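Here is how the chains run, residue by residue.
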Amino acid sequence: MAISRDQLRTWAQRGDPLQAWHTYVTVKGSLRGDRLNGLPCDIYPQGSYANKTNIVGDSDVDMVVALQSAFYADKHELTLAELEEYGKYFGRARVTWLEFRNTVISALGSDFFIKEGSKCVKVRSGVIRLPADVLISLDFRYYRRFPSLAGQRFDDGVQFYESGNRAIVNYPQRHIDGCTRKDNNTGGTYKKIVRIIKNARNALVSDDSAQVDASTAPSYFVESLLWNVPDSCYSVDFEQAYRRTVDWLFAKRGQLSGMDCPNRLVKIFSGTPDAPWKESQARLLIDALNYQLNGA
């Protein structure tokens, strides 16, 4: 094995979460109800720190601020009768996503240096130990049925707009729940392998001959790719689990199109705005991991 057991053990370790928690609590504390004009919202962490797959060197703390008094709804599966029933209870929202976003940005700007990105608001300050990426969204509901208010069934997520005009739907809490179930089912090995592969990816990025760059394999998609690996590959010690994982992915690198995200609602390679990872990028990563491990 080209990678030593000691190296794998080091790579499997989680980065210090305390600084990330301090950032999250501090930023969340700045979004008081009076600063948000009394708008009810749900604030929670997402990304590697929330999913406990962060590694040494991870920096930005990802978090979601979602308005709860309004939501986007996808109702295309509902029948005409269900749409009529839905209309009895829900109408046009009084607050738009853009209005809510501007309110949150104003509140954050009172305490921190901020920079608006295409998706998130980047928060920096000497007060917080790590920078934060704040995703401002409205709740999203993908309706399955609406026979009555009590009988409504929907998949919940968040919706926001990239650069102000392209709608993107994410399922951050469902992603974390799916990864947590996978980790529980594998006795805690799944997330160790995620951290190992994130470190292995970073080593490849530093290797000019590997042709892997920082954009080749974002952490979210690494977690999603490994979520598809059978639990049986993780049922041994982490050294053998890593080998089995890389070998399985290498054998399946021509069959990636059907793989699901951990939220079980979106394919990893669906080509939608919320799933922009390309199969060619995944194959590049898999081939590089296989060469890094096996030398061929």
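If you're wondering where the values come from, they're calculated on a predicted model, not measured in any experiment.

S.K.: For the overall build of the protein, give the residues involved together with the corresponding values.
M.R.: A tally of regular secondary structure across the protein gives 10 helices and 7 strands. For the protein, whose C-alpha radius of gyration is 21 Å, the value lies close to the compact-globule estimate of 19 Å for 296 residues. Its C-alpha atoms give the protein principal-axis dimensions of roughly 60 × 50 × 30 Å. Residues classed as buried in the protein amount to 46% of the 296 residues present. Once local pairs closer than 6 in sequence are excluded, the contacts in the protein between residues at least 24 apart make up 67%. One finds the centroid of the 38 positive side-chain charges in the protein at a distance of 2 Å from the centroid of its 34 negative side-chain charges.

S.K.: I'd like a description of the packing of helix 6 (residues 172-185) against helix 8 (residues 219-227), backed by residues and values.
M.R.: Helix 8 packs onto helix 6 with a crossing angle of 45° between their chain directions and a minimal axis gap of 11 Å. Judged on the interaxial angle alone, helix 8 and helix 6 are oblique. At the point where helix 6 passes helix 8, the crossing takes the left-handed sense. Between helix 6, through His175, Gly178, Cys179 and Lys182, and helix 8, the contact on the second element is made entirely by Tyr220, Glu223, Ser224, Leu226 and Trp227. Partitioning the contact of helix 6 with helix 8 into residue classes produces 4 nonpolar, 3 polar and 2 charged.

S.K.: Would you mind going over the pattern of salt bridges in detail, with residue names and values included?
M.R.: In the structure shown here, the tally under the stated rule is 18 salt bridges. Among the salt bridges present, the one from Arg144 reaches Asp155, with a minimum N-O distance of 2.6 Å. In this pair, Arg144 sits in strand 5 (residues 132-145) while Asp155 sits in strand 6 (residues 153-162), placing the two residues 11 residues apart along the sequence. Among the salt bridges present, the one from Arg253 reaches Asp287, with a minimum N-O distance of 3.3 Å. Of the two residues, Arg253 sits in the loop between helix 9 (238-251) and helix 10 (279-294) while Asp287 sits in helix 10, which places them 34 residues apart along the sequence.

S.K.: Outline the environment of Leu285, supporting the account with residue identities and numerical values.
M.R.: Along the polypeptide, Leu285 turns up in helix 10. Distance in space between the C-alpha atoms of Leu285 and Ala200 is 9.9 Å, their sequence separation being 85 residues. Excluding its chain neighbours within four sequence positions, the residues that come into contact with Leu285 are Arg201, Ala217 and Val222.

S.K.: If you had to explain helix 9 to someone new, which residues and values would you point to?
M.R.: In this model helix 9 runs 20 Å from its N-terminal to its C-terminal C-alpha over 14 residues, within 8% of the 20 Å that 1.5 Å per residue would give. Check the buried side of helix 9 and you find it contacts helix 1 (5-11), helix 7 (189-205), helix 8 and helix 10.

S.K.: I'd like a description of helix 10, backed by residues and values.
M.R.: End to end, helix 10 covers 22 Å across 16 residues, agreeing with the expected 22 Å (1.5 Å per residue, within 8%). Three or more residues of helix 10 are buried, namely Ala282, Leu285, Ile286, Ala288, Leu289, Asn290, Gln292 and Leu293. Contact partners of the buried residues in helix 10: helix 1, helix 7, helix 8 and helix 9. Where helix 10 terminates, the next one or two residues include Gly295, which has phi positive at roughly 75°.

S.K.: So what about the nonpolar core? Which residues, and what values?
M.R.: Ranked by internal contacts, the top residues of the largest apolar core, which has 46 residues, are Ile193, Ile196, Leu226, Tyr242, Trp277 and Leu289. For this core, the secondary structure elements donating two or more residues are helix 1, strand 5, helix 7, helix 8, helix 9 and helix 10. Looking at this core element by element, the count peaks at 7 residues for helix 7. Those residues in contact with Ile196, other than ones at most four positions away along the chain, are Leu8, Trp11, Ala12, Phe238 and Tyr242. Counting 36 residues, the second-largest nonpolar core is a separate cluster that includes Leu36, Leu39, Ile43 and Ile128.

S.K.: I'd like a rundown of the layout of surface pockets, residues and numbers included.
M.R.: Counted as a void, the largest pocket has a volume near 1,100 Å³. As for the largest pocket, its lining consists of 40 residues, of which Asp62, Pro218, Ser219, Tyr220 and Phe221 are closest to the centre. Contributions of two or more residues to the lining of the largest pocket are made by helix 3 (47-51), strand 5, strand 7 (166-170), helix 6, helix 7 and helix 8.

S.K.: Describe the packing of aromatic side chains, naming the residues involved and giving the relevant values.
M.R.: Geometry of an aromatic ring pair is reported as the spacing of the ring centres plus the angle between the planes. Enumeration according to the criterion identifies 16 aromatic pairs in this entry. Taking the centre distance of 6.3 Å and the plane angle of 85° together, the rings of Phe90 and Phe146 count as edge-to-face. Taken together, the residues span a long stretch of sequence, with Phe90 in the loop between helix 4 (80-87) and helix 5 (97-109) and Phe146 in the loop between strand 5 and strand 6 at a distance of 56 residues. Classification of Phe90 as partly exposed rests on a relative accessible area of 23%. Judged by its relative accessible area of 0%, Phe146 falls in the buried class. By way of ring pairs, the aromatic residues Phe71, Tyr86, Tyr89, Phe90, Tyr143, Phe146 and Phe154 are connected into one cluster.

What counts and how
- Residues numbered from 1 in each chain as written.
- Predicted model: local features only at pLDDT ≥ 70, side-chain atom pairs only at ≥ 80, totals over all residues.
- Heavy atoms only, no water.
- Helix = DSSP H or I, 4+ residues; strand = E, 2+ residues; numbered from the N terminus.
- Rg over C-alpha atoms; globule rule 2.2 N^0.38 Å.
- Buried < 20%, exposed > 50% of the residue type's maximum accessible area, 1.4 Å probe, protein only.
- Contact = heavy atoms within 4.5 Å.
- Lys, Arg positive; Asp, Glu negative; His and termini not counted.
- Charge placed at Lys NZ, Arg CZ, Asp CG, Glu CD.
- Axes fitted to C-alpha atoms, helices over the stretch in contact; angles between N-to-C directions.
- Parallel < 35°, antiparallel > 145°, perpendicular 65-115°, else oblique.
- Left-handed = near helix turned anticlockwise from the far one by under 90°.
- Nonpolar A, V, L, I, M, F, W, Y, C, P; charged D, E, K, R; others polar.
- Salt bridge = Lys/Arg side-chain N within 4 Å of Asp/Glu carboxyl O.
- Expected span 1.5 Å × (residues − 1).
- Core = buried A, V, L, I, M, F, W, Y, C linked by side-chain atoms within 4.5 Å.
- 1 Å grid on protein atoms, 1.4 Å probe; cavity = no way out; pocket = protein on both sides within 12 Å on 5 of 7 lines; lining within 4 Å.
- Points joined across faces, edges and corners; volume = space filled by probe spheres on them.
- Phe/Tyr/Trp six-rings, centres within 6.5 Å; stacked < 30°, edge-to-face > 60°.

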